[in-house]
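Structural characterization, general
Residue strings, one per chain:
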Amino acid sequence: MEVLKMSNPTKNNVALRNAGVVIINNYIQMLFQRLELTDGHSFKSVENQKKAVKYLQYVITGLPNTDDAYLSLNKVLCGLSVNDKISVEIEITDNDKNLINGLLNAVIHHWPSIGQCSIEGFRGNWFIRDGILSETEDHWQLTVEKRAYDILINRSPFSFSIIKYPWMDKPLHVIWPY
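These notes cover the structure that comes with them. Small disclaimer: the values here were computed from a predicted structure and weren't measured. (Residues numbered from 1 in each chain as written. Predicted model: local features only at pLDDT ≥ 70, side-chain atom pairs only at ≥ 80, totals over all residues. Heavy atoms only, no water.)

1. Side note on helix 4 (residues 94-109)
Compared with an ideal rise of 1.5 Å per residue, which puts 16 residues at 22 Å, helix 4 spans 22 Å between its outermost C-alpha atoms and is within 8% of the ideal. Along helix 4, the positions that sit buried rather than exposed are D96, I100, L103, L104, V107 and I108. Here the buried residues of helix 4 occupy an arc of 140° about the axis, which is enough to place them on one side. In helix 4, the exposed positions that point more than 90 degrees away from the buried face belong to D94, N95, N98 and H109. Along its buried surface, helix 4 packs onto helix 1 (25-34), helix 2 (46-61) and helix 5 (119-127). (Helix = DSSP H or I, 4+ residues; strand = E, 2+ residues; numbered from the N terminus. Expected span 1.5 Å × (residues − 1). Buried < 20%, exposed > 50% of the residue type's maximum accessible area, 1.4 Å probe, protein only. Arc of directions from axis to C-beta. Contact = heavy atoms within 4.5 Å.)

Shown next, in the form of structure tokens:
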């Protein structure tokens, strides 16, 4: 594993295990709409914002429950503070699971360079990544762990270098060396 380096001094540094979720940046807003958590530009409630954090983690791991300590990046992507507490449990219906699995299959098929891949294989290869999340005054910065097969990102149809959803106070700048 390559050592992750910070390019700017920051206020907060948080170690992550799910840094690769940013690769599906283009799909996250649509997912939240289809889960009826947003009206497109904002969350319908703070409760929905917190549910979105957990749904993102389900996208990443396929597990409905994850300890709050592993959700910092998800919180930033959902416009929450990394210090906000998220309940441990969420019920994900079969319809929601099917929606998420359909989204992941679409992502896999939309990126033919990675070859045939299961949802679990995709999660393990691309989403489950060490990373460092840091905050500056005007943006968040995410540095993602490099892996040998990351050269395939050059052929990725996805963009994720700067992420800014309408509900985020400041953008997330992604450094993913490949």
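2. Thoughts on the pairing of strand 5 (residues 172-175)
Residues of strand 5 alternate between two faces, with L172 and V174 buried on one and H173 and I175 left unburied on the opposite face. Pairing analysis gives four bridges linking strand 3 (residues 140-144) to strand 5, with the strands arranged parallel. Bridging from a neighbouring strand, W140 pairs with L172 of strand 5. (Pairing = 2+ DSSP bridges.)

3. Observations concerning the packing of aromatic side chains
Enumeration according to the criterion identifies twelve aromatic pairs in this entry. Ring geometry for F43 and W167: centres 4.8 Å apart, planes at 55°, overall tilted. Of the two residues, F43 is situated in the loop between helix 1 and helix 2 and W167 in the loop between strand 4 (162-163) and strand 5; the sequence distance between them amounts to 124 residues. Here F43 and W167 have matching classes, each one buried. Ring geometry for W111 and W126: centres 4.7 Å apart, planes at 45°, overall tilted. Of this pair, W111 sits in the loop between helix 4 and helix 5 while W126 sits in helix 5, and the two are 15 residues apart along the sequence. Of the two residues, W111 and W126, neither departs from the other in class, the shared state being buried. Here R123 stacks its cationic end above the ring of Y58, 5.6 Å away from the centre of that ring. Over the face of the ring belonging to W140 we find K170, whose NZ or CZ atom lies 5.8 Å from the ring centre. (Phe/Tyr/Trp six-rings, centres within 6.5 Å; stacked < 30°, edge-to-face > 60°. Lys NZ or Arg CZ within 6 Å of the ring centre and 35° of its normal.)

4. Some thoughts on the nonpolar core
Buried together is how nonpolar side chains tend to be arranged in soluble globular proteins. In this structure, I23, I24, L133, L142 and L172 are the most contacted members of the largest nonpolar core, which totals 57 residues. Of all elements in the fold, only strand 1 (12-16), helix 1, helix 2, helix 3 (72-77), helix 4, helix 5, strand 3 and strand 5 reach the threshold of two or more residues within this core. Sorting elements by how many residues they give to this core places helix 2 first, with seven residues. In this structure, I24 is in contact with V59, L103, V107 and F127, ignoring residues within four places of it in sequence. (Core = buried A, V, L, I, M, F, W, Y, C linked by side-chain atoms within 4.5 Å.)

5. Some details on the environment of A69
Tracing the chain through its elements places A69 in the loop between helix 2 and helix 3. The spatial distance from the C-alpha of A69 to the C-alpha of K85 is 9.1 Å, given a sequence separation of 16 residues.

6. A closer look at the sheet that holds strand 2 (residues 131-135)
Judged by pairing direction, the sheet is mixed, and its five strands sit side by side in the order 1-2-3-5-4 without closing on themselves. Each edge of the open sheet carries a strand with a single partner, namely strand 1 and strand 4. Two elements, strand 1 and strand 2, share five bridges in a ladder whose sense is antiparallel. Each residue of the ladder has a partner; that of N13, found in strand 2, is S134.

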